[in-house]
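Residues per chain, in single letters:
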Amino acid sequence: MSSVESSQEHLSDPSPSPNSSSSFELIDMDVSSLYEPVSSHWFYCKVIDSKEIWIPFNSDDSQQLEEAHGSGKDCNERVVPTDGGRYDVHLGERMRYAVYWDEPPSEVRRCTWFYKGDKDNKYVPYSESFSQVLEETYMLAVTLDEWKKKLESPNREIIVLHNPKLMVHYQPVAGSDEWGSTSTEQGRPRSVKRGVENIPVDIHCGEPLQIDHLVFVVHGIGPACDLRFRSIVQCVNDFRSVSLNLLQTHFKKAQENQQIGRVEFLPVNWHSPLHSTGVDVDLQRITLPSINRLRHFTNDTILDVFFYNSPTYCQTIVDTVASEMNRIYTLFLQRNPEFKGGVSIAGHSLGSLILFDILTNQKDSFGDIDSEKGSLRTVEDQGDVPTLEEDLKKLQLSEFFTVFEKEKVDKEALALCTEKDLQEMGIPLGPRKKILNHFRTRKNSMGVNRPDTSASEVNSSKENGDYLDVGIGQVSVKYPRLNYKPEIFFAFGSPIGMFLTVRGLRRIDPNYKFPTCKGFFNIYHPFDPVAYRIEPMVAPEVEFEPMLIPHHKGRKRMHLELREGFTRMSMDLKNNLLGSLRMAWKSFTRAPYPALQASETTEETEAEPESGSEKSSEVNTEETPVEVKEELPINVGMLNGGQRIDYVLQEKPIESFNEYLFALQSHLCYWESEDTVLLVLKEIYQTQGIFLDQPLQ
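First, a word on what this report is: a plain description of the structure on this page. Note that this is a predicted model, so its numbers are computed, not measured.

1. Considerations on the overall build of the protein
Part 1 of the reasoning: When helices and strands are tallied, the protein shows 23 helices and 19 strands.
Part 2 of the reasoning: Burial status across the protein gives 44% buried among its 697 residues.
Part 3 of the reasoning: Nonlocal contacts in the protein, meaning residues at least 24 apart in sequence, comprise 71% of its contacts between residues at least 6 apart.
Part 4 of the reasoning: For the protein, the exposed area adds up to about 38100 Å²; of that, 53% sits on carbon and sulfur atoms.

2. Here we look at the environment of P208
Part 1 of the reasoning: Tracing the backbone shows P208 in the loop between β12 (190-194) and β13 (211-218).
Part 2 of the reasoning: According to the relative accessible area criterion, P208 is partly exposed, its value standing at 30%.
Part 3 of the reasoning: Taking the C-alpha atoms as reference points, P208 and R262, 54 residues apart in sequence, are found 6.3 Å from one another.
Part 4 of the reasoning: For P208, the residues in contact, after removing those within four places along its chain, are L244, G261 and R262.

3. Remarks on the nonpolar core
Part 1 of the reasoning: Counting 98 residues, the largest nonpolar core has F216, M325 and F489 as its most contacted members.
Part 2 of the reasoning: For this core, the leading source of residues is helix α9 (residues 311-335), giving nine residues.
Part 3 of the reasoning: Split by domain, the residues of this core number at least three in each of domain 1 (41-173 + 187-194) and domain 2 (211-363 + 481-549 + 643-688).
Part 4 of the reasoning: With sequence-adjacent residues up to four places away left out, F489 is seen in contact with I345, G347, S352, L355, F356, L359, I496, F514, C517, G519, F520 and F521.

4. Considering the side chain of S494
Part 1 of the reasoning: Note on placement: S494 falls in the loop between β16 (488-492) and α17 (496-502).
Part 2 of the reasoning: Relative accessible area serves as the criterion here: at 1%, S494 is assigned to the buried category.
Part 3 of the reasoning: Not counting residues within four places of it along the chain, the set of residues in contact with S494 comprises S349, S352, N522, V530, A531 and Y532.

5. Concerning the pairing of strand β10 (residues 158-163)
Part 1 of the reasoning: Of all six residues that make up β10, six are buried, and the element is covered over most of its length.
Part 2 of the reasoning: Examined bridge by bridge, strand β9 (residues 149-152) and β10 share four bridges and lie antiparallel to one another. Its bridge partner being in β10, K149 is matched across the sheet by L161.
Part 3 of the reasoning: Here β10 pairs with strand β11 (residues 166-170) via five bridges, running antiparallel.

6. Description of the sheet that holds β12
Part 1 of the reasoning: Sheet architecture is open: six strands sit in the order β8-β7-β12-β11-β10-β9, paired in antiparallel fashion. Single-partner strands in this sheet number two, and they are β8 (123-125) and β9. Across the sheet, the mean angle separating the axes of adjacent strands is 30 degrees when strand polarity is ignored.
Part 2 of the reasoning: Where strand β7 (residues 113-116) and β8 come together, three bridges link them in antiparallel fashion. From the neighbouring strand, K116 faces β8, where its bridge partner is Y123.
Part 3 of the reasoning: Against the sheet, helix α3 (residues 128-144) contacts β7, β9, β10, β11 and β12, and its axis sits at roughly 170 degrees relative to β9.

7. Comments concerning the pattern of salt bridges
Part 1 of the reasoning: Taken as a whole, this structure holds 29 salt bridges when the rule is applied.
Part 2 of the reasoning: The partner of R335 in a salt bridge is D88, and the shortest N-O contact between them spans 2.9 Å. Residue R335 is found in helix α9, and its partner D88 is found in strand β4 (residues 87-90); the two are separated by 247 residues along the sequence.
Part 3 of the reasoning: Salt-bridge contacts for R240 lead to E264; the nearest nitrogen and oxygen are separated by 2.9 Å.

8. Quick look at α9
Part 1 of the reasoning: An ideal rise of 1.5 Å per residue puts 36 Å on 25 residues; α9 measures up with 36 Å between its terminal C-alpha atoms.
Part 2 of the reasoning: Along α9, the residues classified as buried are C314, I317, V318, T320, V321, A322, E324, M325, N326, I328, Y329 and F332.
Part 3 of the reasoning: Contacts made by the buried residues of α9 are with β13, β14 (262-268), α6 (271-275), α8 (292-308), β15 (342-348) and α10 (350-360).

9. Notes on the packing of aromatic side chains
Part 1 of the reasoning: Applying the stated rule across the entire model yields 26 aromatic pairs.
Part 2 of the reasoning: On the numbers, 6.4 Å between centres and 75 degrees between planes, the contact of F239 with W671 is edge-to-face. Linking F239 in helix α4 (residues 232-250) with W671 in the loop between α22 (663-667) and α23 (674-686), this pair joins segments that are 432 residues apart in sequence. Take F239 and W671: they sit in the same class, and that class is buried.
Part 3 of the reasoning: Note on F490 and F521: the rings are 5.7 Å apart at their centroids and 20 degrees apart in plane angle, and the pair reads as stacked. With F490 in strand β16 and F521 in strand β17 (residues 519-524), the pair connects residues that are 31 residues apart, well separated along the chain.

10. Overview of the pairing of β16
Part 1 of the reasoning: Taking burial as the measure, the five residues of β16 include five buried ones, the bulk of the element.
Part 2 of the reasoning: Alternating residues of β16 divide into I488, F490 and F492 and F489 and A491, and every residue in both groups is buried.
Part 3 of the reasoning: Taken together, the four bridges between β15 and β16 define a ladder with parallel strand orientation. Within β16, the residue paired with H348 across the bridge is F492.
Part 4 of the reasoning: Looking at chain direction, β16 and β17 are connected through five bridges and run parallel. Across the sheet, residue F492 finds its bridge partner in β17, namely I523.
Part 5 of the reasoning: Between the parallel elements β16 and β17, the chain passes through α17 in a crossover that is right-handed.

11. Thoughts on the sheet that holds strand β6 (residues 106-111)
Part 1 of the reasoning: Strand order in this open sheet of six strands is β2-β1-β6-β5-β4-β3, and the pairing throughout is antiparallel. The strands lining the two open edges of the sheet, one partner per strand, are β2 (51-56) and β3 (79-82). Averaged over all neighbouring strand pairs, the angle between strand axes comes to 35 degrees, with direction disregarded.
Part 2 of the reasoning: Relative to β6, strand β5 (residues 95-98) runs antiparallel, the two being bridged by two bridges. Residue pairing across strands places R96 opposite S106, the latter belonging to β6.

12. Observations regarding the environment of G493
Part 1 of the reasoning: Checked against the element boundaries, G493 lands in the loop between β16 and α17.
Part 2 of the reasoning: When sequence neighbours within four positions are dropped, the list of residues in contact with G493 reads S349, I523, Y524, D528, V530, A531, H667 and Y670.

13. Concerning the environment of E66
Part 1 of the reasoning: Within the secondary structure layout, E66 lies in helix α2 (residues 59-69).
Part 2 of the reasoning: E66 sits in the partly exposed class, given a relative accessible area of 25%.
Part 3 of the reasoning: Between the alpha carbons of E66 and R110 there is a distance of 8.2 Å; along the sequence they are 44 residues apart.
Part 4 of the reasoning: Beyond its immediate sequence surroundings of up to four residues, E66 is in contact with S40, W42 and R110.
Part 5 of the reasoning: Side chain to side chain, E66 and R110 meet in a polar contact 2.9 Å long.

What counts, and where the lines are drawn
- Residues numbered from 1 in each chain as written.
- Predicted model: local features only at pLDDT ≥ 70, side-chain atom pairs only at ≥ 80, totals over all residues.
- Heavy atoms only, no water.
- Helix = DSSP H or I, 4+ residues; strand = E, 2+ residues; numbered from the N terminus.
- Buried < 20%, exposed > 50% of the residue type's maximum accessible area, 1.4 Å probe, protein only.
- Contact = heavy atoms within 4.5 Å.
- Areas by Shrake-Rupley, 256 points an atom, 1.4 Å probe, with all protein chains shown as cover.
- Core = buried A, V, L, I, M, F, W, Y, C linked by side-chain atoms within 4.5 Å.
- Domains from an automatic or database assignment.
- Pairing = 2+ DSSP bridges.
- Axes fitted to C-alpha atoms, helices over the stretch in contact; angles between N-to-C directions.
- Salt bridge = Lys/Arg side-chain N within 4 Å of Asp/Glu carboxyl O.
- Expected span 1.5 Å × (residues − 1).
- Phe/Tyr/Trp six-rings, centres within 6.5 Å; stacked < 30°, edge-to-face > 60°.
- Right-handed = clockwise from strand over helix to strand, strands pointing away.
- Polar contact = N/O pair within 3.5 Å; in protein donor to acceptor, adjacent residues only side chain to side chain.

Right, here's the structure in full:
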């Protein structure tokens, strides 16, 4: 109270400026003399593009902070988890810290009074101490019905309380103008509001406390994950927000029945640890000085692909990704001891390839995966795997089976033998070459069977066995084990198919599946320049389209339906026109019949249209093979438990005008794509027996 009185004594009541006070007295002051305490709300400050932006906590978090604030003397030692447990607020420090990733701490403030900012219309909260001064002044003004109170803020700005509906904040300007106006009321006044309910701000409800599933999200190349150059943390925040909205709209019944809570998405960052190894300094020494920005962008982003193909830095990357996921998983369980849900993983761009390589090199109690060499083999308990004796019989070298049996050499040992080893066993030159060529080819297929290749193809692939010794061409590193078994692997805009092909893989064995992960979904935008399909590597002999992801509001997008409608209509017109021309030509070239055979001619002409319609239907069948094939069951292997793997998004109408213009945006669209998020939620909750309210078509 004394601070208010001293500030009022210190300031006289200067005459208002010509453009401000005359209208203030005309305002109708219809207010009650009863004072009501102001309601507070908690905010935190984020620095975005060098600007401070104050963001409100959701209503549940703000209430928890307020209760902790009023809990007693030891409230300053309290740590309150917020934002679904992803951040901790230390009340005594008034700071907000990230739990699972590195992020600069944010200032936290208990806010009651606000003023409009300089450059935008967003309201900025006053400090807690000055807000208390403002509240005490306001209480006196309401109780005594004495207004036009003036206060000076800590940075020497003037706040005038004209009445409960009109309170203004003046910026200080040095000196006075030629009219002699006081410096305290120079400039445009800014509005002052009391209570968060009087300012335009969106305050969301809190997130459900129950977590049904945990998903780790691994980013691709570079530190930025979208066209706004945002980090993986910010992009995953968007992904999570979209998922919360879709749960309310598409899983409403399950939420009302309290069957589900939410899915937690947590980012995994490997770019920062990679570039903190000192490699950036080494690159900078050899980088040319011209086109500096472009070269810096290349060093910071595109070179990540080359780093992953280097044994030294590939080991750093896979170790970082696996150790980060294990660390976050352990910390998550410590903070959520009641969690009983499953875990899935998702990767964007190069991140999906990193996860793919890690998953193929996990060890399962029922499988034999050689993590040292990164081999990707199917479990050898299948009946159709030929024995060594059968392989030698196929090569017409059965007489040497006894030699290998005597030396206790099985198929795995033979695959490791060199030409010198075979020579020491007494195998002649010709059979030696046949055996080495056969087993090197089989080793390169890594359980992902190649079609029959000619000798020239085999010889041109690689002469010596050093490259083929690393199962699928992966860099020979030691792949760490995960502390959990992922249920589903989601790949967004993934180049996995391209990398496997470049590594020398031509086909994935339909029986192959990840040792520890049951599901695999390859999700991509049709214009994504980085994305490649997987299913043609499993079933190369069959041509079929990927699964079209339904729009989150149901059905296909209008322009796609129109395009398909026009295609069907043009096919029908074409078939009808061909049928009519065929009939006309037959009528023109047909020889005349005698008058006695008129009845027979009538019968023939009636029969010919029928045959013409049959032919046109055959043409239809031939010209639309995709529709017929889609109806047939397609064997896409066991990578996704026998279900489809490739899923394609529907492009937006504006994107269909120029696919090149939207190519880069298409690779970065997944973070805010409702269709992508809904597919992820649908597949996750299907494993728990929970389905969409209405199936999408």
